[in-house]
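What the coordinates show
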Amino acid sequence: MCKKRLSVLAATALVTGVSLVPSIAPAAQVATDPGDYSPLPAGFDLGILYIQHTTHQDFYSSGKEISDLAGIKELKTDIGLLRWVHYIEAGGYVLDPQIIIPFGKVSLETTGGTTSSSGVGDPIVGGTIWVYNNAETKRAFGLTALASLPLGDYDGAKGPVNLGENRWKMITQAGYVTPLSETISLDLIAEYTFFGENDDFGGARKEQQDQYGIQAHLSRGFGPATKATLSYYHDFGGETNLNGVDQDDELNNSSWNATVSHFVEPDLQVMVEYGRSLEVENGFFEEDRLNLRFVKVF
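Residues numbered from 1 in each chain as written. Predicted model: local features only at pLDDT ≥ 70, side-chain atom pairs only at ≥ 80, totals over all residues. Heavy atoms only, no water.

1. Re the sheet that holds strand β17 (residues 245-246)
For the record, the criterion: A pair of strands is treated as paired once DSSP finds two or more bridges between them. Segments assigned H or I by DSSP are reported as helices when at least four residues long, segments assigned E as strands when at least two residues long, and all are numbered from the N terminus.
Taken together, the four strands give an open sheet; going across it, the order is β12-β13-β16-β17, and neighbouring strands pair in antiparallel fashion. The open sheet has two free edges, formed respectively by β12 (198-201) and β17, since each of these has just one partner strand. Sheet topology places strand β16 (residues 240-242) next to β17; two bridges connect them, and they run antiparallel. Within β17, the position partnered with Asn-241 by the bridge is Asp-246.

Below, the structure is given as structure tokens:
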């Protein structure tokens, strides 16, 4: 494959991948929400529906905006996620085995036309074990392992514009939660992701170096049912290689989200979230992100 063709693929390579909460643009592979690392007691179940919309127009390479050079006009994503979480206790530790099913549509408009895909993404299975969990102080520390299985809808001819990724991923996290006062709490999460190989990425072989990042949520409670949160995400690494050619597209990207969650019923929580990129070294700048989340407690 010629180098020009490889560079065109590289300009959109970071479109690929559904994360939780997903952005098809580069981001944390599993973008946590505030409270994700505060465990429930064994025996509880959560049924969760995420609905997310994002828009991106500017594409960056080495910190410079090159949308016109790359022929990119706009990336839109409309993604849903179904997630089931079950809390159990084993050996004195709380665990939450879970499964996540992404679905939706991604559309990339370029000067050459519009490419879109819809369907079901790669399922994610795994869970968290809380190695420290103090119910009195409300401090907790958990370790997470999630495997993304290459079972989603994928068309190799569309390269990055797919719901599935045609490769395995192993996503690991460590999360710590602590109160700072009676109404304010802090969540700190570190993430590290390993990637398998995609042998049909627009006719090329795609490999990717490990990606890592940090996430932080600063929350304030307004009574027992309502919470407002400001979140920060920063992602590093993840340089891609197409047919043996390094693409110099490693991440050094940051973003923020503002979140309000409220229990409309004792067993039903609604969350609304808005966010956008802060800085982008490589990949799409996210102009707007709107997330809705509905959590049913069983």
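Back to the text.
2. Topic: the pairing of strand β9 (residues 139-148)
In this sheet, β9 lies alongside strand β8 (residues 124-134) in antiparallel orientation, the contact comprising ten bridges. The residue bridging Asn-133 from the neighbouring strand is Ala-140, located in β9. Between the antiparallel neighbours β8 and β9 lie four residues, among them Lys-138 with a positive phi of about 65°. Direction of pairing for β9 relative to strand β10 (residues 169-179): antiparallel, over a ladder of nine bridges. Across the sheet, Ala-145 pairs through a bridge with Thr-172, a residue of β10.

3. A look at the pattern of salt bridges
For the record, the criterion: For this document, the term salt bridge refers to a Lys or Arg side-chain nitrogen within 4 Å of an Asp or Glu carboxyl oxygen. Type-normalised accessible area, obtained with a 1.4 Å probe on protein chains alone, sets the label of each residue: buried when under 20%, exposed when over 50%, and partly exposed for intermediate values.
In this structure the tally under the stated criterion is eight salt bridges. Asp-36 is the salt-bridge partner of Arg-293, the closest N and O atoms lying 3.7 Å from each other. Residue Arg-293 is found in strand β20 (residues 283-297), and its partner Asp-36 is found in the loop between α1 (3-12) and β1 (45-61); the two are separated by 257 residues along the sequence. Judged by its relative accessible area of 6%, Arg-293 is buried. With a shortest N-O distance of 2.7 Å, Lys-296 and Asp-267 are connected by a salt bridge. In this pair, Lys-296 is assigned in strand β20 and Asp-267 in the loop between β18 (251-265) and β19 (268-279), connecting sequence segments 29 residues apart.

4. With respect to a negative patch on the surface
Convention followed: Patch definition: residues above 30% relative accessible area lacking any salt bridge, with like charges linked at up to 9 Å and the nonpolar side chains Val, Leu, Ile, Met, Phe, Trp and Tyr linked at up to 5 Å. Under the convention used here, a 1.4 Å probe and the Shrake-Rupley method define accessible areas, while residue burial counts only the protein chains that appear. We count Lys and Arg on the positive side and Asp and Glu on the negative side, and we leave His and both chain ends out. Taken as the charge centre is NZ of Lys, CZ of Arg, CG of Asp or CD of Glu, depending on the residue.
A contiguous patch of negative charge, built from Asp-155, Glu-197, Asp-199 and Asp-200, is present on the exposed surface. Here Glu-197 is to be found in the loop between β11 (184-195) and β12. The partly exposed category is assigned to Glu-197, whose relative accessible area is 41%.

5. Some thoughts on the nonpolar core
Worth spelling out the cut-off: Only buried residues count toward a nonpolar core, which is a set of Ala, Val, Leu, Ile, Met, Phe, Trp, Tyr and Cys residues joined through side-chain atoms within 4.5 Å. Two residues qualify as a contact provided that any one of their heavy atoms is within 4.5 Å of a heavy atom in the partner residue.
Counting 19 residues, the largest nonpolar core has Tyr-37, Leu-46, Ile-48, Val-85, Tyr-87, Trp-130 and Leu-146 as the members making the most contacts within it. If one sorts the elements of this core by residue count, β1 sits on top with three residues. Beyond its immediate chain neighbours, meaning those up to four positions away, Tyr-87 contacts Pro-39, Leu-40, Pro-41, Ala-42, Gly-43, Phe-44, Leu-46, Val-94, Leu-95, Asp-96 and Trp-130. Within the second largest apolar cluster, nine residues are counted, among which are Leu-75, Ile-79, Val-106 and Val-161.

6. Section: the confidence of the model for the protein chain
Should pLDDT be low for a region, the predicted coordinates there are not to be read in detail. Going by this rule: Scored from 0 to 100, pLDDT records how confident the predictor is in each individual residue.
For the protein chain, the mean per-residue pLDDT works out to 91, and 91% of the residues sit at or above 70. Contacts from residues 1-25, a stretch scored under 50 in pLDDT, to residues over four places away or in other chains number 92 contacts.

7. Examining a nonpolar patch on the surface
Residues Tyr-93, Val-131, Tyr-132 and Leu-143 make up a contiguous nonpolar surface patch of roughly 340 Å² in combined accessible area. Locating Tyr-132 in the fold gives a position in strand β8.

8. Structural notes on the packing of aromatic side chains
The following threshold applies: Put simply, two rings from Phe, Tyr or Trp (the six-membered ring, in Trp's case) pair if the centres are within 6.5 Å, and we call them stacked under 30 degrees between planes, edge-to-face over 60, tilted for the rest. Put simply, a charge is over a ring when the Lys NZ or the Arg CZ is close to the ring centre, within 6 Å, and near the line of the ring normal, within 35 degrees.
Throughout the structure, instances matching the rule amount to nine aromatic pairs. Ring pairing ties together the aromatic residues Tyr-192, Phe-194, Tyr-212 and Phe-236, which thus form one cluster. Directly above the aromatic system of Phe-201 lies the positively charged group of Lys-206, at a separation of 4.7 Å from the ring centroid.

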